[in-house]
Amino acid sequence: MSADQKPNQRPELAALDDATVAQALTRMHLIRKFEEAAEASYMRGLIHGTMHLSIGQEASAVGTTLPLEAHDYILSTHRGHGHCIARGAEPRLMFAEFFGKETGYCKGRGGSMHIADVEGGNLGANGIVGGGLPIAVGVGMSIKAQKNGRVCMVFFGDGASNEGAFHEALNMASIWKLPVVFVCENNKYGMSMDIGRAMAVPNVADRASAYGMPGHCLDGNDLAGVAAVAKVAIARARSGEGPSLIECKTYRWRGHSKSDRNLYRSKEEIEEWRNQDPIRRLEDELKAHDRFDAAALMKLEEDAQRDIDAAVEFARACPDPDPKDLTRDVYAL
Amino acid sequence: MPSDTLEAVSEIRELSYAEAVREALAQAMEADERVFLFGEDVGVYGGAFGVSGDLVHRFGKERVIDTPISELGIAGAAVGAAITGMRPVLEIQFSDFVTLAMEQLVNQAAKIRFMFGGKASVPMVVRLPGGSGTGAAAQHSQSLEAWFAHVPGLKVLQPSTPHDAKGMLLAAIDDPNPVLIFEHKLLYKTKGHVPAEAYRVPIGKAAIRREGTDLTIVGSSIMALKAEAAAERLASEGISAEVIDLRSIRPIDFTTIAESVRKTHRLLVVYEGVKTMGIGAEISAMIAESEVFDFLDAPIIRLGGADAPIPYNPVLEKAAVPQEDDIVTAATNLVRRGEA
């Protein structure tokens, strides 16, 4: 059944064909299942260190990256599992990295906060808040110098928009009209600091005007809406008109990291956002327009779960790195 | 003037240190279109110290890029350009301003290769005019090279001559790692022999500037030159000093230092950076941990900068860092102590 026959379907949703929507849903499920499995692995003592989960933010990661082309770049954050999966990274290699194994994307040297898939255009997650923002400027300079027509999308949180790096990067990207799309995932908290207490303006997107670029303030839990705006920003970047700032208002259901006792927000607030689950919202809308039936949607979710379960088993069986290789990649030869 | 004299002059072509750096930049940009220069006032102004000069007119403003005053931002931009196929050369206007760019150099540039399991490299060069002696006081006069030498993943160079300034910059641009080059501001006008071709001075190899038998003096940048001048005076007093110019702080050429100490049995380390926790401490400890320790006839002497910010007053400024007289005195004491 073709999408345009359905009454009342939003243009943003109608613009996405069934194959695209299925891929987006699959990736949103993979992100959710990946992080649930990551959390379970932590509880079972399979990993050490910490992790920053993005459960609840899946529509932002998948929606913004949906209009990117295969050769485009992304730069991610400490809460970066979603961006990585959204760009097509293999969950088994991600889990291997998460478990610190030699077979992981970064041979166990980077872990959750530093996963990169350079060949796949993912130039790395970042343990420093706002660390990727100036790097995106350089990637933009590189794209422009090499005239290769690519775009660089860089993710950051609301907290990073208060860092100097944010302001320096947006200014430079704008004066040089670089092909960069800045994506702020505003999940309302910089660790425990509420944006209302941390920012003098209500929206991160309001700051775009200071740097002469479009600022889009979005419902970050609406996959189709996010994808529609990202498409415009990506096209603008690719055509040489310069950067845009997209703000996705969303929410992390879990705490900042594993040590978070969640003392700064209420159960009611968390519950309110859980009711806006981006995955269920998309599924409900698709069902309402008869684009997918319940069984088809269930299959997408089950397939994702199976992939993640297999990824965990693969990663568990992989070898640790050999300590004799400790200093191997400090310098390139 | 007879023609053979003219030929001789052209063969020992002399350039200033600043001209040597500029020639290296020009030759690198001519040879490789991935190389570009950027930083504050490097374009139409020609660089705060005149190093980039006319390069913007020769290569255009797409390759010699004036940046806003955004040290963190431009250091990060160098990282981003380097990991996606370019060869950026960044100028931090005064090395002191690198404090604003620490995050990108220390957390990003130095670690990306390692954190990504060797799947990326960061071939970038950062030029940093540093050092005291200009009356610019505490925020424009520091010697911060030891800070960066403490970071695995970075390389840190300190060329002292126009010859090395050119050859080491070209080697740094070729290098697949992030390389920081500290250029001493007082050296920019010094002149010396600089071959016209695009030659390389290997990174990690010290130079023996003067051979001697009574003690080894190790220094780099302007301190290597002061050590050479001091050695000349020491010779007239009957003390034979061997002078080693480190040139590269990380990686450090310990082999050359060790061989020299094995021969002279005494070591004096001279450096402009703050004495405590500095380059002198590292070299002294390396000797202490090695078999060369048994060859020492006297305790090692460290002659470093005062444990104070660089002061404005010229008398105080001179007193804050080792001078030629201090080196002569320290060397004389070291030799006598060993004999006593």
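To keep things clear, this report deals only with the structure shown in the data block. (Residues numbered from 1 in each chain as written. Chains lettered and ligands numbered in written order. Predicted model: local features only at pLDDT ≥ 70, side-chain atom pairs only at ≥ 80, totals over all residues. Heavy atoms only, no water.)

1. Section: the overall build of chain A
Phase 1: If you tally the helices and strands in chain A, you get twelve helices and seven strands.
Phase 2: Relative to the 2.2 N^0.38 estimate, which gives 20 Å for 333 residues, the radius of gyration of chain A is 19 Å and therefore close to what a compact globule would have.
Phase 3: Considering only C-alpha atoms, chain A reaches an extent of 60 × 50 × 45 Å along its principal axes.
Phase 4: Taking all 333 residues of chain A together, the buried fraction comes to 58%.
Phase 5: Residue pairs in contact within chain A that sit at least 24 positions apart in sequence constitute 75% of those at least 6 positions apart.
Phase 6: Summed over all atoms, the accessible surface of chain A reaches about 13,400 Å², with 53% contributed by carbon and sulfur.
Phase 7: Side chains of chain A give 39 positive and 46 negative charges; the mean places of these two sets differ by 3 Å. (Helix = DSSP H or I, 4+ residues; strand = E, 2+ residues; numbered from the N terminus. Rg over C-alpha atoms; globule rule 2.2 N^0.38 Å. Buried < 20%, exposed > 50% of the residue type's maximum accessible area, 1.4 Å probe, protein only. Contact = heavy atoms within 4.5 Å. Areas by Shrake-Rupley, 256 points an atom, 1.4 Å probe, with all protein chains shown as cover. Lys, Arg positive; Asp, Glu negative; His and termini not counted. Charge placed at Lys NZ, Arg CZ, Asp CG, Glu CD.)

2. Regarding the sheet that holds strand β1 (residues 73-75) of chain A
Residues and elements named next belong to chain A.
Phase 1: On the basis of which strands lie adjacent, the open sheet formed by five strands has the order β1-β2-β3-β7-β6 and parallel pairing. Edge positions in the sheet fall to β1 and β6 (215-219), since each of these pairs with one other strand and no more. Taking the axes of each pair of neighbouring strands and ignoring which way they run, one obtains an average angle of 20° across the sheet.
Phase 2: The sheet contact formed by strand β3 (residues 180-186) and strand β7 (residues 244-249) spans six bridges and is parallel. Of the residues in β7, the one forming a bridge with Cys184 is Glu247.
Phase 3: The strands touched by helix α9 (residues 223-238) within the sheet are β2 (152-157), β3, β6 and β7, with β7 carrying the most contacts at an inclination of about 165°. (Pairing = 2+ DSSP bridges. Axes fitted to C-alpha atoms, helices over the stretch in contact; angles between N-to-C directions.)

3. Some details on helix α5 (residues 91-98) of chain A
All names here are of chain A.
Phase 1: By the criterion of burial, α5 is predominantly enclosed, with seven of the eight residues buried.
Phase 2: Buried residues along α5 sit in contact with α2 (18-43), α4 (81-86) and α12 (294-317).
Phase 3: Positive backbone phi, at 75°, marks Gly100, one or two positions downstream of α5.

4. Quick notes on the sheet that holds strand β12 (residues 248-250) of chain B
All names here are of chain B.
Phase 1: One open sheet accounts for seven strands, arranged β3-β2-β4-β5-β7-β6-β12; its pairing is mixed. Pairing within the sheet leaves two strands with one partner each, and these edge strands are β3 (64-66) and β12. Taken over all neighbouring pairs, the strand axes of this sheet differ in orientation by 20° on average, direction set aside.
Phase 2: When strand β4 (residues 87-91) meets strand β5 (residues 125-130), the two strands line up parallel, connected through three bridges. Counted as the bridge partner of Val89 is Val125 from β5.

5. Brief notes about the packing of aromatic side chains
What describes a pair of aromatic rings is the distance from one ring centre to the other and the angle between the planes of the rings.
Phase 1: Taken as a whole, this structure holds 16 aromatic pairs over all chains when the rule is applied.
Phase 2: Geometrically, the ring pair formed by Phe49(B) and Phe94(B) is edge-to-face, given 5.0 Å between the ring centres and 65° between the ring planes. Of this pair, Phe49(B) sits in the loop between β2 (35-39) and α3 (55-59) while Phe94(B) sits in the loop between β4 and α5 (102-109); the two residues are 45 residues apart in sequence, bridging distant segments of the chain.
Phase 3: Phe49(B) gets classed as partly exposed once you look at its relative accessible area, which sits at 27%.
Phase 4: A relative accessible area of 15% places Phe94(B) in the buried class.
Phase 5: Members of the aromatic cluster, joined through ring pairs, are Tyr17(B), Phe49(B), Phe94(B), Phe97(B) and Tyr188(B).
Phase 6: The ring of Trp253(A) has Arg32(A) lying over it, and the distance from NZ or CZ to the ring centre is 4.6 Å.
Phase 7: A cation over an aromatic ring shows up here: Arg92(A) above the ring of Phe314(A), its NZ or CZ 4.9 Å from the ring centre. (Phe/Tyr/Trp six-rings, centres within 6.5 Å; stacked < 30°, edge-to-face > 60°. Lys NZ or Arg CZ within 6 Å of the ring centre and 35° of its normal.)

6. Quick look at the side chain of Glu168(A)
Phase 1: Here Glu168(A) is to be found in helix α7 (residues 164-175).
Phase 2: Look at Glu168(A): it is buried, it has no salt bridge, and the nearest opposite charge is Arg207(A) at 14 Å.
Phase 3: What Glu168(A) contacts, discounting residues up to four positions off in sequence, is Ser70(B), Glu71(B), Leu72(B) and Gly73(B). (Salt bridge = Lys/Arg side-chain N within 4 Å of Asp/Glu carboxyl O.)

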